[in-house]
Amino acid sequence: MNKLIDNFKNLKYWLMSKNKELQAALVIAMMIPLRVSADTGTASVMNAALGVVFDIFMYVGIFVIIFGAVNLFNSIQQQDGDRQQKAVTGLVIGGALIGLRAVSYTHLTLPTIA
């Protein structure tokens, strides 16, 4: 189990510090929806920008859920109730971040500019 945790830490270190090209590719991939043609209106630009923001929330939510699941697994093994509570809270927050797009698109309408 310790070897698995060490491998995960090494992977995290490699992704965060060594692989700048991967970080740049992720940022560019999130900005692709912002490409709009010149004849589109303000509403489509705002919808594209909101789409990028919600994509970022979704990616952060996925990371929080993975981090919470790993913490929950470790805290169950160590029988630590406080860490279990924090891990479950992280899982709930991650789920809320992922579900934010569905809630916002059903209840949020942008004003039209005449």
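Above this text is the structure in question.
Note on numbering: residues in each chain are counted from 1, in written sequence order. Per-residue local features are limited, in this predicted model, to residues with pLDDT of at least 70; the limit for side-chain atom pairs, both in listing and counting, is 80 or more; totals at the level of whole chains, interfaces and linings are taken over all residues. Working from all heavy atoms in the structure, the side-chain values ignore hydrogens and water.

### Some remarks on the overall build of the protein chain
So, point 1. Numbering of helices and strands runs from the N terminus; a helix is a DSSP stretch of H or I covering at least four residues, while a strand is a stretch of E covering at least two. Scanning the protein chain from N- to C-terminus turns up 4 helices and 0 strands.
So, point 2. Starting at the N terminus and walking to the C terminus, you meet the elements of the protein chain as α-α-α-α.
So, point 3. Among the 114 residues that make up the protein chain, the fraction classed as buried is 14%.
So, point 4. Methods summary: accessible areas were calculated by the Shrake-Rupley approach with a probe of 1.4 Å, and residue burial reflects only the protein chains presented. A total of about 8700 Å² of accessible surface is found on the protein chain, and carbon and sulfur atoms cover 69% of it. Partly exposed residues are those whose accessible area sits between 20% and 50% of the maximum for their type, while under 20% is buried and over 50% is exposed, using a 1.4 Å probe and protein chains only.

### Quick look at the packing of aromatic side chains
So, point 1. Stacked, edge-to-face and tilted labels apply to pairs of Phe, Tyr and Trp rings (six-membered ring for Trp) whose centres lie within 6.5 Å, assigned for plane angles under 30 degrees, over 60, and everything in between, in that order. Under the criterion given, the structure shown has 2 aromatic pairs.
So, point 2. Here F63 and F67 contribute two aromatic rings whose centre-to-centre distance is 6.2 Å and whose plane-to-plane angle is 20°, an arrangement assigned as stacked. With F63 and F67 both in helix α3 (residues 42–78) and 4 residues apart, the pair spans about one turn of that helix.

### Let's talk about unusual backbone geometry
So, point 1. Positive phi is not limited to glycine here, since Q79 has a value of about 55°.
So, point 2. If you trace the backbone, Q79 turns up in the loop between α3 and α4 (81–107).

### Comments concerning a nonpolar patch on the surface
So, point 1. Each patch groups residues whose relative accessible area exceeds 30% and which form no salt bridge, using 9 Å between like charges and 5 Å between nonpolar side chains of Val, Leu, Ile, Met, Phe, Trp and Tyr. The term salt bridge refers to a side-chain nitrogen of Lys or Arg lying within 4 Å of a carboxyl oxygen of Asp or Glu. On the surface, Y59, I62, I66, V70 and I98 cluster together into a nonpolar patch covering about 400 Å² of accessible area.
So, point 2. A total of 4 residues in the nonpolar patch trace back to one element, the largest contributor, which is α3.
So, point 3. Relative to the helices and strands, V70 is located in helix α3.
So, point 4. Of the residues examined, V70 reaches a relative accessible area of 36% and is grouped as partly exposed.

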